[in-house]
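# Observations on the three-dimensional arrangement
As a plain string of letters, each chain reads:
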Amino acid sequence: MSIPATQRAVVVEEIGGPEVLQFKSDWAVPQPTEGQVLVKNKIAGINYIDTYFRTGLYPSPKPEVLGREAAGTVVALGPKTEEFNLKVGDRVIWLANAGYAEYSAVPAAKTLKLPDTVSYEDATASFMSGLTVLALARDTYTVQPGDWVLLHAAAGGAGFLMTQLLKHVGAKVIGTAGGPEKVELVKSLGADHVIDYRSEEGKDWVKTVMDITGGRGVDVVYDSVGKDTWEGSLAVVKRKGTIVWFGNSSGPIPPLPLNRLAPKCVKIARPTLFGYIATREEFKGYANELFSLLASGALKVKIHGLYSLSDAKQAHIDLEGRKTTGKILIKVSE
């Protein structure tokens, strides 16, 4: 298979807003080194974490090609990849870096063959977000049938999948979302209550949550919003409850004095996905569960839009403007 020397890619050379995303048609194609495979990407996923690397909230070397996941075809193998049972021509999905490009050299250990029943689009629309929500609901806090769960941003890429997973487990779900369209979407996924935080009533969502739970509060809060919601999350969690902060879409949470947790004996967690899939066995275990849930119909994906590489800047504008429901994808190649 002929591999070109240069490719189309979206590059960040300095931190900033969406305007720093530069579309280039002459970016060098990487060569796979030891333990890597070279993948010709078909579909790349856009995740909120990409904006953190773009803005510098999460420091990373520049210039940088963003993108933590993509699906495509293996076109070359680096040395010492035999143990991963990958070969040229395999349909795969990966988690690593540099997905906003036609070709990515990625760790074989974080690359998996795709089941024939799962399309590139569905795989990428669910993979990083799906593995994240599985880890959050299994490991960070083990959700039990009957648990009251508050899920912020329930119509987003992760929230869309998390709502379904929580209902699949048997939890009672209170979701927050912005605007009537997003509220109806979350209701359609089976959420027991949905609060429109943009509405007049939704502005006091803390009171609404406490009313719904009879003053008890929720067993667990899953909060990917951060700065705008963290104090309310502390207010609505029950005594001996758990708060899981896993994102900063409104900005990072300020330094939190530990004595704020004492009155209700609250447990908190600030996990990242990669801490749960450090080993090949963990990675494959969560991925296989995700593929099974997709195949059974227990989890359905929602794709907000399929953008071209040259439109990555607009995709980031839409994502940060909270104009999206479900997952944003980039169509990298045919």
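Quantities reported herein were computed from a predicted structural model and do not represent experimental measurements. Throughout, a residue's number is its position along its own chain's written sequence, starting from 1. Given that this is a predicted model, residues contribute local features only at a pLDDT of at least 70 and side-chain atom pairs are listed and counted only at 80 or more, while totals for whole chains, interfaces and linings are drawn from all residues. Water and hydrogen atoms were dropped before computing side-chain values, which therefore reflect all heavy atoms in the structure.

### Details of the overall build of the chain
Put simply, the test is: Secondary structure elements follow DSSP: runs of H or I of four or more residues count as helices, runs of E of two or more count as strands, with numbering from the N terminus. Here the globule rule is a power law, 2.2 Å times the number of residues to the power 0.38, and the radius of gyration is based on C-alpha atoms. Here the term buried applies to any residue with accessible area under 20% of the maximum for its type, exposed to any over 50%, and partly exposed to those in between, with areas from a 1.4 Å probe on protein chains only. Contacts are assigned to residue pairs with any non-hydrogen atoms lying within 4.5 Å of each other. Where accessible areas are quoted, they stem from the Shrake-Rupley method and a 1.4 Å probe; at the residue level, only the protein chains shown are allowed to cover. We score Asp and Glu as negative and Lys and Arg as positive, and we do not count His or the chain ends. A charged residue contributes its charge at one atom only: NZ of Lys, CZ of Arg, CG of Asp or CD of Glu.
A tally of regular secondary structure across the chain gives eight helices and 16 strands. Against the compact-globule benchmark of 20 Å for 334 residues, the chain has a radius of gyration of 20 Å, which places it among compact chains. Overall, the chain is about 65 × 40 × 35 Å in size when its C-alpha atoms are taken along their principal axes. Across the 334 residues in the chain, those meeting the buried criterion constitute 55%. Put simply, 68% of the contacts in the chain that link residues at least 6 apart link residues at least 24 apart. Surface summary for the chain: the accessible area is close to 14,000 Å², and the carbon and sulfur share equals 53%. In the chain, 38 side chains carry a positive charge and 36 a negative one; their mean positions are 3 Å apart.

### Side note on the sheet that holds strand β2 (residues 21-28)
Operational definition: By this definition, two strands are paired if DSSP reports at least two bridges between them.
Taken together, three strands build an open sheet; the order of strands is β2-β1-β4 and the sheet is antiparallel. Each edge of the open sheet is held by one strand with a lone partner, namely β2 and β4 (64-65). Here strand β1 (residues 6-12) runs beside β2; their pairing, made up of six bridges, is antiparallel. Each bridged residue has a counterpart across the sheet, and for Q7 the counterpart in β2 is W27.

### Focus: the packing of helix α2 (residues 120-140) against helix α3 (residues 157-169)
Test applied: Here an axis means a line fitted to C-alpha atoms, over the contact stretch when the element is a helix, while the angle between two N-to-C directions is reported on a 0 to 180 degree scale. When an angle is under 35 degrees it counts as roughly parallel; over 145 it counts as roughly antiparallel; between 65 and 115 it counts as roughly perpendicular; any other value is oblique. In a left-handed crossing the near helix is turned counterclockwise from the far helix by less than a right angle, and in a right-handed crossing that turn is clockwise. Put simply, Ala, Val, Leu, Ile, Met, Phe, Trp, Tyr, Cys and Pro go in the nonpolar bin, Asp, Glu, Lys and Arg in the charged bin, and everything else, Gly too, in the polar bin.
In contact at an axis separation of 9 Å, α2 and α3 are set at 45° when each is read in the N-to-C sense. Comparing the axis directions of α2 and α3 gives the class oblique. The chirality of how α2 crosses α3 is right-handed. Here α2 contributes A125, S126, S129, G130, V133, L134, L136, A137 and R138 to the contact with α3, which in turn contributes G157, A158, L161, M162, L165 and V169. Class assignment of the residues belonging to the contact of α2 with α3 gives a composition of 10 nonpolar, four polar and one charged.

### Examining the UniProt feature "domain: Enoyl reductase (ER)" (unreviewed entry) in the chain
In plain terms, the rule: UniProt positions are given in the numbering used here, feature names are shortened, and annotations may be inferred rather than shown by experiment.
Taking the numbering used here, the UniProt-annotated feature "domain: Enoyl reductase (ER)" (unreviewed entry) corresponds to residues 16-330. With 29% helix and 27% strand, residues 16-330 has end C-alpha atoms that lie 21 Å from one another.

### As for the pattern of salt bridges
Any two side chains of opposite charge can pair, given that their charged atoms come close. This is how the line gets drawn: Take a side-chain nitrogen of Lys or Arg and a carboxyl oxygen of Asp or Glu: if they are within 4 Å of each other, that pair is a salt bridge.
Enumeration according to the criterion identifies 17 salt bridges in this entry. As a salt-bridge pair, E289 and R138 come within 2.4 Å of each other at their nearest N and O atoms. Residue E289 is found in helix α7 (residues 280-296), and its partner R138 is found in helix α2; the two are separated by 151 residues along the sequence. The exposure class of R138 is partly exposed, given its relative accessible area of 28%. Each of the salt bridges in this network shares a partner with another, and the network as a whole consists of K87, D90 and K113.

### As for α7
The test is simple: The span you would expect from a helix comes to 1.5 Å times its residue count less one. Working definition: the arc comes from the directions between the helix axis and the C-beta atoms, pointing outward to the latter.
Counted at 1.5 Å a residue, the expected span for α7 with its 17 residues is 24 Å, and the 24 Å between its end C-alpha atoms agrees. Residues of α7 that are buried: R280, F283, Y286, A287, L290, F291, L293 and L294. Looking down the long axis of α7, one finds its buried residues gathered within 165° of arc, a one-sided arrangement. When the buried face of α7 is taken as reference, the exposed residues oriented beyond 90 degrees from it are E281, A295 and S296. Looking at the buried side of α7, the elements it contacts are β6 (91-95), β8 (111-113), α2 and α3. Of the residues one or two after α7, G297 is the one with positive phi, at around 85°.

### Quick word on the sheet that holds strand β14 (residues 267-269)
Sheet architecture is open: six strands sit in the order β11-β10-β9-β12-β13-β14, paired in parallel fashion. Only two strands of the sheet have a single partner each, and these edge strands are β11 (193-196) and β14. Put simply, the sheet's adjacent strands are angled 15° from each other on average, direction ignored. Examined bridge by bridge, strand β12 (residues 218-223) and strand β13 (residues 237-245) share five bridges and lie parallel to one another. Its bridge partner being in β13, D223 is matched across the sheet by W245. Contacts between helix α4 (residues 180-188) and the sheet are confined to β10 (172-177) and β11, with β11 contributing the most and set at about 170° to the helix.

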